[in-house]
Amino acid sequence: MVAQSFSIRWLFAFLVLFSSLNDPLVLAASPPSVTAISPQDKTQNIRRDTAVAAEVSLPNVGQGVDGGSLTSASVTLIRQTDAMPVQASLNTSGGGDVILLQPRTLLDPNTSYTFKITAGVKDTSGASFKEFSSTFTTGTQGGETDPSIAFEKIALPTTRGHAYTAVIKGPDGKLYCGDIQGAVVRFSILANGLLGDPEVVRSSPQADGAKRALVGMVFDPSATANHLVLWVTHSEFSTFLPNAPTPLDWTGKVTRLSGPNLENVHDAVVGLPRSIKDHLTNQPVFGPDKALYFAQGANNAMGAPDKGWGLRPERLLTAAILRIDVAALGETTLNVKTAEGGTYNPFAPGALLTIYATGVRNAYDLIFATNGQLYAPTNGSAANGNTPSGPGVAGISPVTQVEHDWLFRIEKGGYYGHPNPERKEFVLNGGNPDGGKNDSSVVKQYPLGTKADSNYRGFAADLGEHFSPNGVIEYQGNSFGGRLDKRLMITRYSAGKDILVVTVKADGSVDSTLSGVTGLTQFEDPLDLFQDSETGFVYVAEFAGKRLTLLRPIGPGAETKLSQDHLTFIAQQNGNADTGVATATFTITNDGSAALAIPASGLSIEGDAARDYSLSVDSPLPLTIAPGAKAQVTIRFKPSIFGLRKATIKLLTNADAKPLQIFLGGIGTHGFEGANEPSLQRLLTALGFVVKVGDKDPNTSTLELPLTTPNDEVTIQRFVRANNKQPVTLTPLAAFVSDAKPVVRTGFYGVDNPSQVHEIVSVRQGNNQSVNPAFDGTTTFEPPQVFGLFASFGFFDTAQGKRVVTSDDSLNVWEKEAPKRHKIRFYPATDWKGTPLANAFLGAVETVPGDGADFNDFVFLVSNVKAAP
């Protein structure tokens, strides 16, 4: 079905018919092991959307990786900064010859990870793997996407229970699906895209008494609502079991179903080859010439028999795109068996089934695009396959490099790299003509100078390793302003577990690929897909999930609202678990009328200190936020070094033309209180204000006097309201002072009676070394015409009274030295980008007499004020 990267857990669950075994399985003495890893050990700057693939050595004959032994305990990816495991999907390939780990969200930027395999991983004989570990470090790239394209993912509960392999819409307006056991199920499509109750209209046991592995289906161009004609491709349902007989070859068929319930069954083509694994007679498609085209999977990994694929050779019709002249075929049943008693010749004059192109290892699906080109997403092989030898070509046994997945642009008569000695094709992919290092088609084990087959056409796009590209459609329509129109959408079954978007040019070449689109990720083994051109809705067959999922395009109308535009943190650098980490949260609210979509790469942290921050969302990315709903994001700050640590969050959504930004200001301290406290300059910068306080040395907590120049201090001791129709607001920003109950009281007084203070806010006990401290009271007040501001500190309350610090220097008589009575300094407030805030000032309070002032005892923001005349 899919190539090496097809999950063996699900393959065995749905394809195995248990055969009687005469010989018991014997556990081998040799343990299987990892032979290569991607990303390679100790590599840097790895993409954040990477999957981890472990190539394996399987010394026990016929035994592959036991997919059931791949668990979150036996295979892990650990983030080194906090030893937390990464949530991921695990699986192996159809051949059981690779271990795959796909993180469910983007990895953190500039972060080191450790990948581990324990002895809990076993092969299918029960032999444990040798333990293995490797490390890698991410960079900042990976997961970039187009936030203007987003889909809403909708569950379809009526579809549950079938392992779907194919999905298509019929001329009667109903959705038709095939499942791996041969059933054809149809659903009525409701106006909102949801589906009605299932109706099983035909299953192959009813036709021929045996289950059949149905892979593909397509309606005949002549079919109508009153005259249904459906072509299906299917093969023997059984699969390979070690040491069991394998009567699977030559069991592939192309069958025509017709009638109101598709009850009329005609086997049009029989005798097609079949591998012992998941390379079958794949999905059919009608061409512009009204002939039927389909890909026939290869019988082995890389062209020559190998143990993993049952030592089966290629047949004349395997690893090829085949064409059937269905009009000329009529009611004939054509037997195309080419060996072992079969004599069919696809090259004979007048042959009804012919070979259109060769060397296509395993293309699950094909598409004739509107640019006139035929495309075939094709599965490459895991390492350790064999290549054949031929005239002037040395065979390789085994091939140690992984074959990539490809997107081929198929031309009639072309060869696309999978050898087949039956057709005198011996060279794998591009050979090794000049030792090229940058071309993934080069096979470096070939002797230098080994040329590709003379008919080799190369690939249109390199789709990477172990992604297993399968179903493909060409999206059409004006959704998203037409930005997705005529772009290919390809399901990625294994690594990725998503839908890749591919842009092709009018000349047939590939322009770009796009992943991480909101709504196109985090599927359970997506195998096929279909677009309803009338609505733009997409239906995805999730094989392992045993369901269909509806994707509805998200239109314009969303509106993003952030609860904050900056966050501030104080944490002890190299502190213990309680003091070495600080956290804060913000919310993203959708104030619009349509869904707000955030792609997988929609939240990122950038800047020199980005490594000191990490984020988590209450729902995994990508996500959609319904109108009026919100999502909460938690930011974690763990300073790696002492001092100011700045970074920026960037948020991408479908509602905003440019990324929204949130400033992160963190301070790593050596401890708390006294000399460990942050300087006023660092504190205000971390709070998100662009201001020069006049500090000679921001590395120390003391603010040395006199202030350096230039500085931004403004001389204000008394205030008036800037707008008499609005109240004045006073908001606590920070407190760095000794603890008390309460820590700080603050408010205002009238200049005509300064001894009569009016408390409006008190900072709670326990918030004495903090930013954005918890407080009681209200932040708004209605002052007299001219007023001053005050703060008093619980730690200094005595039986003789309270120490009150005022904005009027002359009132601070508790300071014995008159020149030092300037105890509240004011600075113009700005946003974190430096834009001035109208009629707003930062207040910095000092409560200790004499020298050693730091002016960080209490910091606040007062707004809707201006200096009194």
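Scoring rules and cut-offs
- Residues numbered from 1 in each chain as written.
- Predicted model: local features only at pLDDT ≥ 70, side-chain atom pairs only at ≥ 80, totals over all residues.
- Heavy atoms only, no water.
- Helix = DSSP H or I, 4+ residues; strand = E, 2+ residues; numbered from the N terminus.
- Contact = heavy atoms within 4.5 Å.
- Areas by Shrake-Rupley, 256 points an atom, 1.4 Å probe, with all protein chains shown as cover.
- Lys, Arg positive; Asp, Glu negative; His and termini not counted.
- Charge placed at Lys NZ, Arg CZ, Asp CG, Glu CD.
- Buried < 20%, exposed > 50% of the residue type's maximum accessible area, 1.4 Å probe, protein only.
- Pairing = 2+ DSSP bridges.
- Axes fitted to C-alpha atoms, helices over the stretch in contact; angles between N-to-C directions.
- Phe/Tyr/Trp six-rings, centres within 6.5 Å; stacked < 30°, edge-to-face > 60°.
- Lys NZ or Arg CZ within 6 Å of the ring centre and 35° of its normal.
- Polar contact = N/O pair within 3.5 Å; in protein donor to acceptor, adjacent residues only side chain to side chain.
- Salt bridge = Lys/Arg side-chain N within 4 Å of Asp/Glu carboxyl O.
- pLDDT = per-residue confidence, 0-100.

Chemist: How do you make sense of the overall build of the protein when you look at a structure like this?
Modeler: Across its full length, the protein carries four helices and 57 strands. Across its three principal directions, the C-alpha atoms of the protein cover 115 × 60 × 50 Å. Restricting to contacts in the protein with at least 6 residues of sequence separation, those with at least 24 account for 66%. When the accessible surface of the protein is split by element, carbon and sulfur atoms take 49% of a total near 33400 Å². One finds the centroid of the 72 positive side-chain charges in the protein at a distance of 0 Å from the centroid of its 83 negative side-chain charges.

Chemist: Teacher, can you tell me more about the side chain of Thr 338 here?
Modeler: The topology assignment puts Thr 338 in the loop between strand 22 (334–335) and strand 23 (353–358). Assessed through its relative accessible area of 16%, Thr 338 is described here as buried. Not counting residues up to four positions away in its chain, the partners in contact with Thr 338 are Trp 250, Leu 316, Leu 317 and Tyr 344.

Chemist: Just to check I follow, could you spell out the sheet that holds strand 31 (residues 510–514) for this structure?
Modeler: Strands in a sheet are paired, the pairing made by backbone hydrogen bonds, and the direction either parallel or antiparallel. Here four strands make up an open sheet; going across it, the order is 28-29-30-31 and the pairing antiparallel. Two strands in the sheet have a free side with no partner beyond their single neighbour: strand 28 (469–474) and strand 31. Taking each pair of neighbouring strands and ignoring which way they run, the sheet shows an average axis angle of 25 degrees. Sheet topology places strand 28 next to strand 29 (residues 488–492); four bridges connect them, and they run antiparallel. Across the sheet, residue Glu 474 finds its bridge partner in strand 29, namely Leu 488.

Chemist: Quick question: what am I supposed to make of the sheet that holds strand 27 (residues 461–464) here?
Modeler: Spatial ordering of the open sheet is given by 24-25-26-27, a layout of four strands whose pairing is antiparallel. A single partner strand is all that each edge strand has here, and the edge strands are strand 24 (367–368) and strand 27. Inspection of the sheet shows strand 26 (residues 405–410) paired to strand 27 by three bridges, in the antiparallel sense. In the sheet register, Leu 407 faces strand 27, and the bridge partner there is Ala 461.

Chemist: Whenever I open this one, the packing of aromatic side chains confuses me. Can you help?
Modeler: One pair of aromatic rings is described through two measures. These are the centre distance and the angle between the planes. For the coordinates displayed, the defined rule picks out 22 aromatic pairs. An angle of 25 degrees between the planes, with centres 4.7 Å apart, marks the rings of Trp 406 and Phe 459 as stacked. Of the two residues, Trp 406 sits in strand 26 while Phe 459 sits in the loop between strand 26 and strand 27, which places them 53 residues apart along the sequence. By way of ring pairs, the aromatic residues Phe 719, Phe 748, Phe 781, Phe 787, Phe 826, Phe 841, Phe 858 and Phe 860 are connected into one cluster. Against the face of Phe 523 rests Lys 153, its NZ or CZ located 4.2 Å from the ring centre. The ring of Phe 855 is capped by Arg 825, whose NZ or CZ atom sits 4.7 Å from the centre of that ring.

Chemist: I keep staring at the side chain of His 266 and nothing clicks. Help me out?
Modeler: One can find His 266 in strand 18 (residues 264–272). A polar side-chain atom of His 266 sits 3.3 Å from the main-chain carbonyl oxygen of Glu 331. In this structure His 266 touches Val 254, Thr 255, Arg 256, Gly 330, Glu 331, Thr 332 and Thr 333, once residues within four positions along its chain are discounted.

Chemist: Would you mind going over the pairing of strand 54 (residues 824–830) with me for this structure?
Modeler: Residues in a regular strand project their side chains so that they alternate between the two faces of the sheet. Buried residues dominate strand 54, accounting for six of its seven residues. Where strand 54 meets strand 55 (residues 836–845), six bridges bridge the pair, whose relative direction is antiparallel. Considered in strand 55, the bridge of Ile 824 is made with Val 845.

Chemist: Is there a simple way to think about unusual backbone geometry in this case?
Modeler: Backbone phi values are negative for most residues with the exception of glycine, while trans is the configuration of most peptide bonds. Omega for the peptide link from Ser 38 to Pro 39 comes to 5 degrees, which places this bond in the cis form. Mapped onto the elements of the fold, Pro 39 is located in the loop between strand 1 (33–38) and strand 2 (43–46). For the bond from Thr 709 to Pro 710, the omega torsion is 0 degrees, close enough to zero to count as cis. Inspection of the secondary structure puts Pro 710 in the loop between helix 4 (680–686) and strand 45 (719–721). Despite not being glycine, Ala 319 has its phi angle at roughly 50 degrees, a positive value. Position of Ala 319 relative to the elements: it lies in the loop between strand 20 (292–296) and strand 21 (320–324).

Chemist: Teacher, can you tell me more about the environment of Phe 408 here?
Modeler: Among the structural elements, Phe 408 can be located in strand 26. The sequence separation of Phe 408 and Gly 458 amounts to 50 residues, and the corresponding C-alpha distance is 7.6 Å. When sequence neighbours within four positions are dropped, the list of residues in contact with Phe 408 reads Leu 374, Tyr 375, Ala 376, Thr 378, Tyr 416, Gly 458, Phe 459 and Ala 460.

Chemist: I would appreciate a short explanation of the pattern of salt bridges in the present structure.
Modeler: For side chains of opposite charge, pairing can occur when their charged atoms come near one another. On inspection of all chains with the given rule, the structure shows 30 salt bridges. The salt bridge partner of Arg 547 is Glu 542, with a shortest N-O separation of 3.2 Å. Assigned by exposure class, Arg 547 and Glu 542 land together as buried. Among the charged side chains, a salt-bridge network with shared partners connects Asp 249, Arg 312, Arg 315 and Glu 340.

Chemist: When you look at the confidence of the model for the protein in this model, what are you seeing that I'm missing?
Modeler: Keep in mind that low pLDDT regions are not for reading the predicted coordinates in detail. Of all residues in the protein, 93% attain a pLDDT of 70 or more, and the chain-wide mean is 90. Every residue in residues 1–29 is under pLDDT 50, and counting partners more than four places away or in other chains gives 117 contacts. Ignoring residues within four places in sequence, the model shows residues 240–245, a span with pLDDT below 50, making 17 contacts including any to other chains.

Chemist: Where do I start with the pairing of strand 55 in this structure?
Modeler: Hairpin connection between strand 54 and strand 55: a loop of five residues separates the two successive antiparallel strands, and Gly 834 in this loop has a positive phi of roughly 100 degrees. As paired strands, strand 55 and strand 56 (residues 858–863) are joined by six bridges and run antiparallel to one another. Looking at the pairing, Val 845 lines up with Phe 858 of strand 56.

Chemist: Honestly, the environment of Gln 661 in this entry has me stumped. Any pointers?
Modeler: Mapped onto the fold, Gln 661 is located in strand 44 (residues 660–669). Classification of Gln 661 as partly exposed rests on a relative accessible area of 28%. It is 9.7 Å that separates the C-alpha atoms of Gln 661 and Leu 603, two residues lying 58 residues apart in sequence. Other than its neighbours up to four places away in sequence, Gln 661 contacts Asp 565, Thr 648, Ile 649, Lys 650, Trp 832 and Lys 833.

Chemist: Honestly, the environment of Asp 197 in this entry has me stumped. Any pointers?
Modeler: Looking at the element boundaries, Asp 197 is found in the loop between strand 13 (183–188) and strand 14 (199–203). Residue classification places Asp 197 among the exposed positions, given a relative accessible area of 63%. Taking the C-alpha atoms as reference points, Asp 197 and Val 185, 12 residues apart in sequence, are found 9.9 Å from one another. Those residues within four positions of Asp 197 in sequence are excluded, and the remaining contacts are Thr 158, Arg 186 and Phe 187.

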